[in-house]
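# Notes for the structure review
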Amino acid sequence: MRNLTKGGVFATSASVLPGELLEYRMSVTNAGTLPASSVTLTSPLPGNSSTVPSTLRISTSPSGDGPPCAAALCGTLQGAAGNLVARLGSGATESSGGTLQPGKTLYVFFRVKVE
């Protein structure tokens, strides 16, 4: 995560005050030799925070710069009911994960405002 309000780089923790904006980054890598299928990542959203609309995105870049990866190639991402659900890989839909080729890494980004 990184504190966008104060600036800084991604780290395992950040000091934060109410009203500040945090950006989270998670990565998923297929370290195997065969394609991974039905790839899904589910994670609880951080407590005492609210998701910032329109900041959920999947990227092939660890810095998250550039446009988000196309859903048909990288998957879909939803934040609801206190959870983040990423269905990753080519061919993913809003109800099932797709295929992640060997050696491929996808990055999931989202922002929250601390309450």
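From a predicted model like this one, the values you see are computed outputs, not experimental measurements. (Residues numbered from 1 in each chain as written. Predicted model: local features only at pLDDT ≥ 70, side-chain atom pairs only at ≥ 80, totals over all residues. Heavy atoms only, no water.)

Applying the stated rule across the entire model yields four salt bridges. Residue lysine 6 is joined to glutamate 20 by a salt bridge in which the shortest nitrogen-to-oxygen separation is 3.8 Å. A residue pair is termed long-range when its members are at least 10 positions apart, and lysine 6 in the loop between β1 (2–3) and β2 (21–29) and glutamate 20 in the loop between β1 and β2 qualify at 14 residues. A residue is classified by how much of its surface remains accessible, and lysine 6, at 48% relative accessible area, is partly exposed. Judged by relative accessible area, glutamate 20 falls into the buried class, the value being 9%. Arginine 111 is the salt-bridge partner of glutamate 23, the closest N and O atoms lying 3.3 Å from each other. (Salt bridge = Lys/Arg side-chain N within 4 Å of Asp/Glu carboxyl O. Helix = DSSP H or I, 4+ residues; strand = E, 2+ residues; numbered from the N terminus. Buried < 20%, exposed > 50% of the residue type's maximum accessible area, 1.4 Å probe, protein only.)

Quick look at the pairing of strand β9 (residues 105–114) now. For β9, the tally of buried residues reaches seven of 10 residues, placing the bulk of the element in the interior. Of the pairings in the sheet, the one linking β2 to β9 comprises nine bridges and is antiparallel in character. Across the sheet, glutamate 23 pairs through a bridge with arginine 111, a residue of β9. Bridge count between strand β4 (residues 49–51) and β9: three bridges; the pairing is antiparallel. By the bridge assignment, threonine 51 is partnered in β9 with valine 112. Bridging between strand β5 (residues 57–59) and β9 involves three bridges; their strand directions are antiparallel. (Pairing = 2+ DSSP bridges.)

Next up on the list: the packing of aromatic side chains. Pairs of aromatic rings are described using the distance from one ring centre to the other and the angle between the two planes. Per the stated rule, a full pass over the model turns up two aromatic pairs. Ring centres 6.1 Å apart and planes at 55 degrees place the aromatic pair phenylalanine 10 and phenylalanine 109 in the tilted group. Of the two residues, phenylalanine 10 sits in the loop between β1 and β2 while phenylalanine 109 sits in strand β9, which places them 99 residues apart along the sequence. The same class applies to phenylalanine 10 as to phenylalanine 109, namely buried. The ring of phenylalanine 10 is capped by arginine 25, whose NZ or CZ atom sits 4.1 Å from the centre of that ring. (Phe/Tyr/Trp six-rings, centres within 6.5 Å; stacked < 30°, edge-to-face > 60°. Lys NZ or Arg CZ within 6 Å of the ring centre and 35° of its normal.)

This paragraph deals with the nonpolar core. Membership of the largest hydrophobic core comes to 18 residues, with the highest contact counts inside it found for Ile58, Leu77, Leu84, Leu88, Leu106, Val108 and Phe110. For this core, the secondary-structure elements that each account for two or more residues are β2, β7 (83–88) and β9. When residues in this core are grouped by element, the largest group, five residues, is from β9. Among residues more than four places away in sequence, those in contact with leucine 88 are Val28, Val39, Leu41, Ile58, Cys74, Gly75, Gly97, Gly98, Thr99, Leu106 and Val108. (Core = buried A, V, L, I, M, F, W, Y, C linked by side-chain atoms within 4.5 Å. Contact = heavy atoms within 4.5 Å.)

Before going further, it helps to examine unusual backbone geometry. The phi dihedral of serine 38 falls on the positive side, at around 55 degrees, and the residue is not glycine. Inspection of the secondary structure puts serine 38 in strand β3 (residues 36–44).

This brings us to the sheet that holds β7. Across the sheet, four strands lie side by side as β6-β7-β3-β8; this open sheet has antiparallel pairing. Either end of the sheet is taken by a strand with one partner, and the two such strands are β6 (75–80) and β8 (98–100). Ignoring strand direction, the axes of neighbouring strands in this sheet form an average angle of 35 degrees. Sheet topology note: the β3/β8 ladder contains two bridges and is antiparallel. Looking at β8, one finds that alanine 36 is bridged to leucine 100. (Axes fitted to C-alpha atoms, helices over the stretch in contact; angles between N-to-C directions.)

Note that all results are geometric; they support no functional claim without further evidence.
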